[in-house]
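Summary of structural features
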Amino acid sequence: MFFRLFLILLIVPAIEIYLIIQVGQVIGGAATVAILLLMSLLGAWLIRHQGGRVLTQIRDELAQGRLPAAQLLDGALIFIGGVLLTTPGFFTDFLGIFFLIPFTRRFIKLWLGLWLQNKISRGGFVVRRHF
């Protein structure tokens, strides 16, 4: 797990730097910085808009006495997408948008469900109780 995290923390910034340099060479430094700032602002707006909608859905589900599991997952994915969008860089912006758009978020939830089923069927999760 530590090695995977190390690779992510090493590879993602390298990709970001490469993409920023490439885009900067094509459209110029000022335009590149402006696009990155606009993407961060868009990310903040989308977090507020999508997050507010999900919070309303969570409240509605709780008011009806149901567990808002799907809405909580949506909220977590929106948060992750927002963090990715506010991180400067084109690669993380693309991933962040993918997490924030409801249509593409469905694919992420489907993949997470399949991954979780696979882990459970193979005994990949261990539940420990500490009392």
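Residues numbered from 1 in each chain as written. Predicted model: local features only at pLDDT ≥ 70, side-chain atom pairs only at ≥ 80, totals over all residues. Heavy atoms only, no water.

In the annotation of an unreviewed UniProt entry, the entry for the protein reads FxsA family protein, and the organism field reads Geomonas propionica.

Along the protein, the regular secondary structure elements total 5 helices and 0 strands. The N-to-C order of helical and strand elements in the protein reads α-α-α-α-α. Here the protein has a C-alpha radius of gyration of 18 Å; the compact-globule value for 131 residues is 14 Å, and the former is much larger. Projected onto the principal axes, the alpha-carbon positions of the protein cover approximately 55 × 35 × 30 Å. Each of the 131 residues in the protein was classed as buried or not, and the buried ones make up 24%. Of the contacts made within the protein by residues no fewer than 6 positions apart, 52% connect residues no fewer than 24 positions apart. Here the protein displays about 9700 Å² of accessible surface, and carbon together with sulfur accounts for 73% of that area. If you average the places of the 12 positive and of the 5 negative side-chain charges in the protein, the two averages end up 10 Å apart. (Helix = DSSP H or I, 4+ residues; strand = E, 2+ residues; numbered from the N terminus. Rg over C-alpha atoms; globule rule 2.2 N^0.38 Å. Buried < 20%, exposed > 50% of the residue type's maximum accessible area, 1.4 Å probe, protein only. Contact = heavy atoms within 4.5 Å. Areas by Shrake-Rupley, 256 points an atom, 1.4 Å probe, with all protein chains shown as cover. Lys, Arg positive; Asp, Glu negative; His and termini not counted. Charge placed at Lys NZ, Arg CZ, Asp CG, Glu CD.)

Quick look at the layout of surface pockets now. One number sums up the size of the largest pocket: a volume of about 210 Å³. For the largest pocket, the full set of lining residues is Met1, Arg4, Leu5, Ile8 and Trp111. The greatest single-element share of the lining of the largest pocket, amounting to 3 residues, is contributed by helix 1 (residues 2-27). Its residues assigned to classes, the lining of the largest pocket shows 4 nonpolar, no polar and 1 charged. (1 Å grid on protein atoms, 1.4 Å probe; cavity = no way out; pocket = protein on both sides within 12 Å on 5 of 7 lines; lining within 4 Å. Points joined across faces, edges and corners; volume = space filled by probe spheres on them. Nonpolar A, V, L, I, M, F, W, Y, C, P; charged D, E, K, R; others polar.)

A word on the UniProt feature "transmembrane region" (unreviewed entry) in the protein. The positions that UniProt labels "transmembrane region" (unreviewed entry) are, in the present scheme, residues 5-21, 27-47 and 68-91. The distance separating the terminal C-alpha atoms of residues 5-21 is 25 Å; by composition the span is 100% helix and 0% strand. Between the C-alpha atoms that bound residues 27-47 there is a distance of 28 Å. The span itself is 95% helix and 0% strand. (UniProt positions renumbered as here; feature names shortened; annotations may be inferred.)

The next subject is the nonpolar core. Formed by Met39, Leu46, Val54, Ile58, Ile78, Leu85 and Leu100, the largest nonpolar core amounts to 7 residues. Looking at this core, the elements that each hand over two or more residues are helix 2 (29-63) and helix 3 (69-86). Residue contributions to this core peak at 4 residues, all from helix 2. Among all residues touching Leu46, those that are not within four sequence positions of it are Gly51, Leu85 and Leu100. (Core = buried A, V, L, I, M, F, W, Y, C linked by side-chain atoms within 4.5 Å.)

As a further point, take the pattern of salt bridges. Scanning the model with the defined rule gives 3 salt bridges in all. The shortest N-O distance in the salt bridge between Glu61 and Arg66 comes to 2.9 Å. Taking the shortest distance from any N to any O, the salt bridge between Asp74 and Lys109 comes out at 3.1 Å. Placement of the pair is Asp74 in helix 3 and Lys109 in helix 5 (residues 102-121), with a sequence separation of 35 residues. Overall, the relative accessible area of 9% leaves Asp74 in the buried class. Since its relative accessible area comes to 24%, Lys109 is described here as partly exposed. (Salt bridge = Lys/Arg side-chain N within 4 Å of Asp/Glu carboxyl O.)

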